[in-house]
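Each chain, letter by letter, is given below.
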Amino acid sequence: MNALELSILKELYFSHPQSITELSQSVGKSVPNITRAINQLQQLGYILNDGLAPSTGGRRAARFVPNPINLRAIVSVAMDQFYTSIAVMDLTNNFQSPIKTKAIDLTSTEAYRDLTDLIEDVLQTTDRESLFAIGITIPGFVDSHTGRNLSYPSESPLSDLKSRIENKFGIRTFLENDSSAIAIAEHRFGKAQWAKDVMVVNLNWGVGLGMILDNLLYRGHSGYAGEFSHIPLSNLNKLCSCGKKGCLEVEASLIAAVDFANQQLAKGSESSLRIAFGADGGISGDQLLEAAADGDQLAIESLRGIGRILGKGIATLIHIINPQLVLISGRGAKAKNVLLPQIQSSILEFAIHRLSEHTTIAFSDTEHVQLLGATSICVMQIDPTIYKNNSTKV
């Protein structure tokens, strides 16, 4: 299978259906070359005709999509600080297995064992020969080229997670920072598709950032660009998880909102969350978000607090990057109705209007975005082994 055919397949994964003319523009090759490659891919059964493009006055063009029946699937793993989700996805982004989620605390000594148990559970119900790769997205200073996560000491199994998973399961594995993977997914499949310069804020237990500049993921000189959560904008004398004080994250994360709500509940504040607080000695982030959606005043107050400092951080991004779009994604995007007015108010207060007026602030509604990101990072690396029965068809 030649490089052009692989490029076409990759392009059809990220944007389908497409016609031969559209593929010629997106891949950057001539129409005759694209036509020959499309005919070959159709003959081998790797793409399907998906009907005709809308009429533009002439003959309607055929459009094509990947054929997941003859293409290997991907095990997508989405890890955050406290929960890990996993599913098998095909090259049309359909789930070939149920999504399984497990509480895994990344600070626990059992985190690696819990992760491998979860992967093994999925592999037991999946034909391994039908899999192309495992894609893992995880917080931290991830070097996607070496597959190492430098947020963990070298003796931690999470430090060299890529090689450990490959060796254990015998399936190639790709590793990416969670916020970078989310940015890729939002840019290719979500509300950021129209923007070439977009900051994707991953509002979760921490605050991550994926930077798309001129339609490409920006990694920076050492590969770790986007450490939004550690910009020193907080006036609290509170130590961050990085060991420093003043980081945005200590005020602008879901953990900060949960901590505030728990403190107020401990002082006797009235809230619908009091039952959960009494039963468990504390509330969860999901409980806080659900309560805010139902109009609970304490939950709303807790999220408003992080919205103001988050908006201050976004104002900083606007001054430095001048993006077309800032998209709030991740678990915290569910709190749009509470957060958006606070963010907009902070931007008005802290950003130069001449710059901020040209930046759109939006909230993601992309479902399972981190799992999509995990699949995407694997597709970006595709080679001929993506095809089933490859040895007889190349």
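Our subject is the structure that appears above.
This structure is a prediction, so every number in the text was calculated from the model and none was measured.

Q: How should the overall build of the protein chain be read in this particular structure?
A: What the protein chain contains, in helices and strands, is 15 helices and 15 strands. Taking 21 Å as the expected radius of gyration for a compact globule of 394 residues, we find that the protein chain reaches 22 Å, a close match to that expectation. Buried positions account for 52% of the 394 residues belonging to the protein chain. By sequence separation, contacts in the protein chain at least 24 residues apart represent 63% of the contacts at least 6 residues apart. By element, 49% of the accessible surface of the protein chain is carried by carbon and sulfur atoms, the whole surface being about 17,900 Å². The positive charge centre, built from 34 side chains, and the negative charge centre, built from 39, are 5 Å apart in the protein chain.

Q: How do you make sense of the sheet that holds strand 2 (residues 47-52) when you look at a structure like this?
A: Picture the strands of a sheet paired through backbone hydrogen bonds; they go either parallel or antiparallel. Pairing in this open sheet of 3 strands is antiparallel, and the strands run 1-3-2 from one edge to the other. Every interior strand has two partners, whereas the edge strands, strand 1 (18-19) and strand 2, have only one. Judged from the 2 bridges that link them, strand 1 and strand 3 (residues 62-66) form a sheet pairing that is antiparallel. Paired with Ser 19 across the two strands is Arg 63, which belongs to strand 3. Across the sheet, helix 1 (residues 3-14) lies against strand 1, strand 2 and strand 3, angled at about 90° from strand 3, the strand it touches most.

Q: How should I be thinking about the side chain of Ser 271 in this particular structure?
A: Considering the arrangement of structural elements, one finds Ser 271 in the loop between helix 8 (254-266) and helix 9 (274-280). Exposure remark for Ser 271: the relative accessible area of 14% places this residue in the buried category. Within the local environment of Ser 271, its side chain forms a polar contact with the backbone nitrogen of Leu 273, the two atoms lying 3.0 Å apart. In terms of polar contacts, Ser 271 uses its side chain to reach the side chain of Asp 296, at 3.0 Å. When residues no more than four places from it in sequence are discounted, the contact partners of Ser 271 are Leu 265, Asp 296 and Leu 298.

Q: Help me understand unusual backbone geometry in this model?
A: Keep in mind that most residues, glycine aside, have a negative phi and that most peptide bonds are trans. The linkage connecting His 16 with the following residue, Pro 17, adopts the cis geometry, with an omega of 0°. With respect to the secondary-structure elements, Pro 17 resides in the loop between helix 1 and strand 1. Within the chain, Asn 215 stands out as a residue other than glycine whose phi angle is a positive 70°. Given a relative accessible area of 43%, Asn 215 falls into the partly exposed group. At Asn 322, a residue that is not glycine, the phi angle is positive and equals roughly 55°. With respect to the helices and strands, Asn 322 occurs in the loop between helix 11 (297-321) and strand 14 (325-329).

Q: Sorry, what's going on with the nonpolar core here?
A: Phe 228, Ile 283, Leu 288, Leu 303, Leu 310, Ile 314 and Ile 343 are the most contacted members of the largest nonpolar core, which totals 48 residues. In terms of residue count, the dominant contributor to this core is helix 11 (11 residues). If sequence neighbours within four positions are ignored, Leu 303 has contacts with Leu 254, Ala 257, Leu 288, Leu 289, Ala 292, Ala 335, Val 338 and Leu 339. Tyr 13, Leu 41, Ile 47 and Ile 184 belong to the second largest nonpolar core, which has 30 residues in total.

Here is what the cut-offs are and how they apply
Here, residues in each chain are numbered from 1, in the same order as that chain's written sequence. Given that the model is predicted, a residue must reach a pLDDT of at least 70 before its local features are reported, and side-chain atom pairs must reach 80 or more before they are shown or counted; all residues, however, enter totals for whole chains, interfaces and linings. Hydrogen atoms and water are omitted, and side-chain values are computed over all heavy atoms in the structure. Segments assigned H or I by DSSP are reported as helices when at least four residues long, segments assigned E as strands when at least two residues long, and all are numbered from the N terminus. Atoms counted for the radius of gyration: C-alpha only. Globule rule: 2.2 Å times residue count to the power 0.38. In this scheme, a residue with accessible area under 20% of its type's maximum is buried, one over 50% is exposed, and one in between is partly exposed, where area comes from a 1.4 Å probe on protein chains only. We call two residues in contact when some of their heavy atoms are within 4.5 Å. Throughout, the Shrake-Rupley method with a 1.4 Å probe supplies accessible areas, and for residues the shown protein chains are the sole cover considered. Charged residues are defined narrowly, with Lys and Arg counted positive, Asp and Glu counted negative, and His plus the chain ends left uncounted. By convention, charge coordinates are those of NZ in Lys, CZ in Arg, CG in Asp, or CD in Glu. Strand pairing is assigned whenever DSSP detects at least two bridges linking the two strands. To obtain an axis, a line is fitted to C-alpha atoms, over the contacting stretch when the element is a helix, and the angle between two such axes runs from 0 to 180 degrees between their N-to-C directions. Any N or O atom pair separated by 3.5 Å or less is treated as a polar contact, with the protein-specific requirement of one donor-capable and one acceptor-capable atom, and with residues adjacent in sequence counted only for side-chain atom pairs. The set of buried Ala, Val, Leu, Ile, Met, Phe, Trp, Tyr and Cys residues whose side-chain atoms join them within 4.5 Å is what this entry labels a nonpolar core.

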